[in-house]
Every structure is written in structure tokens, then in C-alpha cells.
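A closer look at the structure
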Amino acid sequence: GYQFIETPTLEYYDTVGGVSSTLEQRLFKLLDRDGRSLVLRPDMTAPIARVVASLLKDVPFPIRLAYQGNVYRAQEDEAGRNAEFMEVGIELVGEETPDADAEVITLACLSLQAAGVSQFKLAVGHIGFIHALLAERLAEEEATSLRQFLQNKNYVGYRYFVDQLALAAEDKQALLALLDLSGGKEQIERARKWAIGEKAKQAVAELEELWEVLELHGVTEQVMLDLRLMAQRDYYTGVLFEGYADRLGFPICSGGRYDHLLGQFGRPAPATGFALKIDRILEISQLPARPKRRK
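Presented here is an overview of the structure given in this document. Owing to the predicted nature of the structure, the values given are computational and were not obtained by experimental measurement.

A few words on the packing of aromatic side chains. Applying the stated rule across the entire model yields 3 aromatic pairs. Geometrically, the ring pair formed by phenylalanine 149 and phenylalanine 161 is tilted, given 5.8 Å between the ring centres and 55° between the ring planes. Here the residue phenylalanine 149 occupies a position in helix α5 (residues 140-151), and phenylalanine 161 occupies one in helix α6 (residues 155-164), the gap between them amounting to 12 residues. Overall, phenylalanine 161 belongs to the partly exposed group, its relative accessible area being 23%. Aromatic ring contacts, followed pair by pair, group Tyr235, Tyr236 and Tyr258 into a single cluster. One residue, lysine 29, lies across the ring of tyrosine 13, its end atom 4.6 Å from the ring centre.

This part takes up the environment of isoleucine 188. Among the secondary structure elements, isoleucine 188 is positioned in helix α8 (residues 187-194). When its relative accessible area of 5% is taken as the criterion, isoleucine 188 is described as buried. Between the C-alpha atom of isoleucine 188 and that of leucine 207, which follows or precedes it by 19 residues, the distance is 7.3 Å. Those residues in contact with isoleucine 188 that lie beyond four places of it in its chain are Val204, Leu207, Glu208, Trp211 and Leu225.

Tracing the sequence through the fold places alanine 269 in the loop between β11 (253-257) and β12 (271-277). Between the alpha carbons of alanine 269 and glutamate 95 there is a distance of 7.9 Å; along the sequence they are 174 residues apart. Residues within four places of alanine 269 in sequence aside, it is in contact with Phe61, Val93, Tyr258, Asp259 and Leu262.

It is worth spelling out the sheet that holds strand β2 (residues 10-12) at this point. As summarised here, the arrangement of the 3 strands in space is β2-β4-β3, forming an open sheet in which the pairing is antiparallel. Bordering the open sheet on either side are β2 and β3 (29-31), each of which pairs with just one other strand. Here the strands of the sheet are splayed against their neighbours by 40° on average, with no regard to which way each runs. As paired elements, β3 and strand β4 (residues 37-40) share 3 bridges and run antiparallel to each other. If you follow leucine 31 over to β4, its bridge partner there is serine 37.

Here the focus is the pairing of strand β5 (residues 63-72). For β5, a buried count of 7 out of 10 residues is recorded, marking the element as mostly surrounded by other parts of the structure. Two strands pair when backbone bridges link them, and strand β1 (residues 3-4) and β5 are joined in this way by 2 bridges, in the parallel orientation. Each bridged residue has a counterpart across the sheet, and for glutamine 3 the counterpart in β5 is leucine 65.

Within helix α2 (residues 45-53), 9 of the 9 residues are buried, which leaves the element mostly enclosed by the surrounding structure. All of the buried residues in α2 are Thr45, Ala46, Pro47, Ile48, Ala49, Arg50, Val51, Val52 and Ala53.

Let us look at the sheet that holds strand β9 (residues 223-226). The strand order across the open sheet built from 9 strands is β1-β5-β6-β12-β11-β10-β7-β9-β8, with neighbouring strands paired in mixed fashion. At either margin of the open sheet sits one strand with a lone partner, and together these are β1 and β8 (182-183). Relative to β12, strand β6 (residues 84-93) runs antiparallel, the two being bridged by 7 bridges. Residue pairing for β12: glycine 89 is matched across the bridge by alanine 275. Against the sheet, helix α9 (residues 198-217) touches β7 (120-126), β9 and β10 (239-245), its axis set at about 150° to β7.

Glancing now at the packing of helix α3 (residues 98-114) against α9. For any two helices packed against each other, one specifies the crossing angle of their axes together with the interaxial distance. For the pair α3 and α9, the least separation of the axes is 9 Å and the interaxial angle reads 50°. Taken together, α3 and α9 sit at an angle that is classed as oblique. The crossing of α3 and α9 is right-handed. Contact residues: Pro98, Asp99, Asp101, Ala102, Glu103, Ile105 and Thr106 in α3; Glu209, Leu210, Val213, Leu214 and His217 in α9.

We now examine helix α4 (residues 127-135). Within α4, 7 of the 9 residues are buried, which leaves the element mostly enclosed by the surrounding structure. Residues of α4 that are buried include every one of Ile127, Gly128, Phe129, Ile130, Ala132, Leu133 and Leu134, and no others.

What follows covers the pairing of β6. Looking down a regular strand, the side chains alternate between one sheet face and the other. Along β6, 7 of the 10 residues are buried, which leaves the element largely enclosed by surrounding structure. Note that β5 and β6 share 10 bridges and pair antiparallel. Note on β6: the bridge partner recorded for tyrosine 67 is glycine 89.

Before going further, it helps to examine the packing of α4 against α5. α5 packs onto α4 with a crossing angle of 145° between their chain directions and a minimal axis gap of 10 Å. Here the hand of the crossing between α4 and α5 comes out right-handed. Of the residues in α5, those in contact with Ile130, His131 and Leu134 of α4 are Ala143, Leu146, Arg147 and Leu150.

Basis of the calculations
Residues numbered from 1 in each chain as written. Predicted model: local features only at pLDDT ≥ 70, side-chain atom pairs only at ≥ 80, totals over all residues. Heavy atoms only, no water. Phe/Tyr/Trp six-rings, centres within 6.5 Å; stacked < 30°, edge-to-face > 60°. Helix = DSSP H or I, 4+ residues; strand = E, 2+ residues; numbered from the N terminus. Buried < 20%, exposed > 50% of the residue type's maximum accessible area, 1.4 Å probe, protein only. Lys NZ or Arg CZ within 6 Å of the ring centre and 35° of its normal. Contact = heavy atoms within 4.5 Å. Pairing = 2+ DSSP bridges. Axes fitted to C-alpha atoms, helices over the stretch in contact; angles between N-to-C directions. Parallel < 35°, antiparallel > 145°, perpendicular 65-115°, else oblique. Left-handed = near helix turned anticlockwise from the far one by under 90°.

As C-alpha cells, then:
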């Protein structure tokens, strides 16, 4: 049910480059003959959002699009990796229900299975829960620092930073409890214990509904909840996820909900999607199989 779409390799910086959430120093920029700034597309989501708001502006929602193409990002923390690499993925635009999130996560699972990745887990979190948990207890500057620790998966640094804060013991306990909110369905009740504001409670409720739909799709064996999961891109607004395969330390897929991005192109709409990292999937396929243990 997803229609394939192709977008240009070159995009105007003022339209796509500025909203892609890719760090400025990771963009490849150049000028056209009229002196306008261009970028090699750093991701596929922002260009597709531009197309949905322009060329497809008369197409009714929901819109289901699929893509395959190269993206370009200068690498900083992954030495030796190419700056040009292929991504394959989907975007589901115009649906904001848990069914839409579950559809995308299920398709990510099925795609990895079809690609021959036998051992993997999708870690599912909610960016709204993290933002609310921190905002309820911290000043913005402190919350920004902790979000950075989570983004870098520096949980030791996170714990040390919290220990140094001048907070009530209960608030510190809540912030540190976030580091343990990783596992199965039981994490929903554990997260609800620390959700004191309406936004945090709403995020937990959305995760609970999502898990119920994923159970109906029969993919919860491949899914785990990870409330520590922090988006690598600023445009994510709700449920987000990353896929990890056995014996590879980097995500082989990532995705999530980005309900505000379309509005920056003049056609506000909820949206969600994912991208498969083809180079990493190929790397997994070339690893020798694990030897079976003797009984």
C-alpha cells in the first residue's frame, strides 16, 4: 500500500537543509549559479515532507510513501564510515493513531526479517515522556544537558550529573529511575509511577495503546520498551524506535513520529516513518554465523 517516490539529490538549504535537524557541520553545502545555497540531502524525511506539502498538496490523507535513495552526512563519531550511504524506508502521513505507529513498527520488523536479519530487537521509546519527566523537575538548561547524555547513551555521565543537582530526593529518584525503564510490557506500569504531569501520563498511555496493537500484529517478540531512548533528530515528537542486530553496535534502522515537520512546509499533518540503514544490514549479512553451543 506504499507508493514509491524519488526526490532530488540536491535540495535548497532554505527549505530542506534548515529543517532536517542534521547538524550544520554534517551538511554538504554548495552554491548554484545564482548564488543560492544548496545541500546534498542529509535525510529522506524532510524532502518527502516538502513534496507532500507541494506536489501532493491535493492528495487526501493518509498518504503512504516508500523510498530508496542515497543520503549524505559527514560522519563524526563513527570513524571509517562512508559519508554517502543508502536508506530504504517509508513515511505514513496524516495518521496520528497508535495503529499508525504500530503499522510502521510492524513493517520495520517484517522488512528486517525479509532482509535476512535473523536476530534483532526494536527498542521503542517516547520522546514526550523524557521531555515531560525532565521539564517537571528541572530548569531548561539542566534538562538540555541530561537529554544530551541520553542522546549519546552516556548513562554514567547522566547519573553523575543528576547526583550533583540540588533537588529533592524524590525528584532525583525519578530522574535516575529513567535509566532502568528498559524491558518488556511491565515498563509501562513502572513509567506510570513517575509520570506526575498530564504530558507524561499521556505519553505512557500512548505507549500502552501501542503495545496492545503490536500484540495484535504479533511482533512483540522483536520489540522492547526503552524509555531512555532519545531522538537523534529534533523533529521527533512522540513514539520513536531504533533497531539493533546481534553483534553490531550501531542501529540498523530508526524511525518515529514527527507531527510538526509538515507544518514547516505549510501543510500541517501528523506523520511517522522509518529508515533502514542498508550498509549496516549488509555488514550484518556478511558476519559469520555464531557457532552453536554444545549441550
